[in-house]
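# Breakdown of the fold
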Amino acid sequence: MSYFSRLTDIVTCNLTHLLNNAADPVKEIEQIISEMKEGIAGAHRSVKTATSNERALQEELQEHQKQISQWKAAAKSALETGDEPEARNSLVRKREIEDLMAGLEQQHQASVATCEHLTTTLYALEARLAEAKRKQLEISEKSSLSESSPQDVAEMASDKSALSPTRSEQIESDLAALKRELSE
């Protein structure tokens, strides 16, 4: 049985409800965690792709900005030599690139928003997976028929859901802020 058809299903699921209705909660939580891990792997790929696209657009915008400066300099140089038609042609090219950049800037803004949305969703998925792992540990501890070895249970308890470097930095920053609050 597949529990999740979309990533939002993972974020919005009620684990307690799913497990209360399960014939074998131990097997069900394993299946749920497996599906969540697959969803998170896909989310990681999506974030990576979106980030790559955003960077490519940023680089393209920077390249076009250089071209605008070059065409402006070319127009200025042509005017200095008295070649007004060439200056005009250079300014036409400059305007074309500015128009292109206007469209690219909108695409870049959309790309940034997409990256932020996907990253937020990824964090929500990781939070739901951490909750599922805690539920799994809880079920394993309650179940005397658990197939989990003591080593498996210890690994589940020590797994901090492999926080991403960015998330770890945020946690460390939050911890430092709390320490400062306590020392005041």
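Our subject in this report is the structure included herewith.

Thresholds, definitions, all that
Residues numbered from 1 in each chain as written. Predicted model: local features only at pLDDT ≥ 70, side-chain atom pairs only at ≥ 80, totals over all residues. Heavy atoms only, no water. Core = buried A, V, L, I, M, F, W, Y, C linked by side-chain atoms within 4.5 Å. Buried < 20%, exposed > 50% of the residue type's maximum accessible area, 1.4 Å probe, protein only. Helix = DSSP H or I, 4+ residues; strand = E, 2+ residues; numbered from the N terminus. Contact = heavy atoms within 4.5 Å. Expected span 1.5 Å × (residues − 1). Polar contact = N/O pair within 3.5 Å; in protein donor to acceptor, adjacent residues only side chain to side chain. Salt bridge = Lys/Arg side-chain N within 4 Å of Asp/Glu carboxyl O.

For the rest of this paragraph, the subject is the nonpolar core. By size, the foremost hydrophobic cluster in this structure holds 17 residues, and its most contacted members are L15, I29, M36 and A132. Of all the secondary-structure elements, those providing two or more residues to this core are α2 (15-20), α3 (25-80) and α4 (84-142). Top element by residues in this core is α3. It accounts for eight residues. In contact with I29, not counting residues within four places along its chain, are L19, A132, K135, Q136 and I139.

Secondary-structure assignment places E38 in helix α3. Owing to a relative accessible area of 55%, E38 belongs among the exposed residues under this scheme. Residues E38 and L7, spaced 31 residues apart in sequence, show a C-alpha to C-alpha distance of 9.9 Å.

Next up on the list: α4. Between the first and last C-alpha of α4 there are 86 Å, a value that for 59 residues agrees with the 87 Å anticipated at 1.5 Å per step. With a side-chain oxygen positioned 3.2 Å from the backbone nitrogen of E86, the residue opening α4 is D83.

Bringing the pattern of salt bridges into the picture now. Within the structure shown, the criterion is met by five salt bridges. Between R95 and E98 there is a salt bridge, with its nearest N and O atoms 3.7 Å apart. Pair noted here: R95 and E98 are both in helix α4, with a separation of three residues, about one helical turn. Assessed through its relative accessible area of 54%, R95 is described here as exposed. Here R128 makes a salt bridge to E131, at a shortest N to O gap of 2.5 Å. Pair noted here: R128 and E131 are both in helix α4, with a separation of three residues, about one helical turn. Look at R128 and you get buried, because its relative accessible area is 18%. The class of E131 is partly exposed, set by a relative accessible area of 23%. In this structure, a network of salt bridges that share partners links the residues K94, R95 and E98.

The next subject is the environment of R167. One can find R167 in helix α6 (residues 165-183). Residue R167 is classed as partly exposed on the basis of its relative accessible area of 22%. Along the primary structure R167 and Y123 are separated by 44 residues, whereas in three dimensions their C-alpha atoms are 8.4 Å apart.

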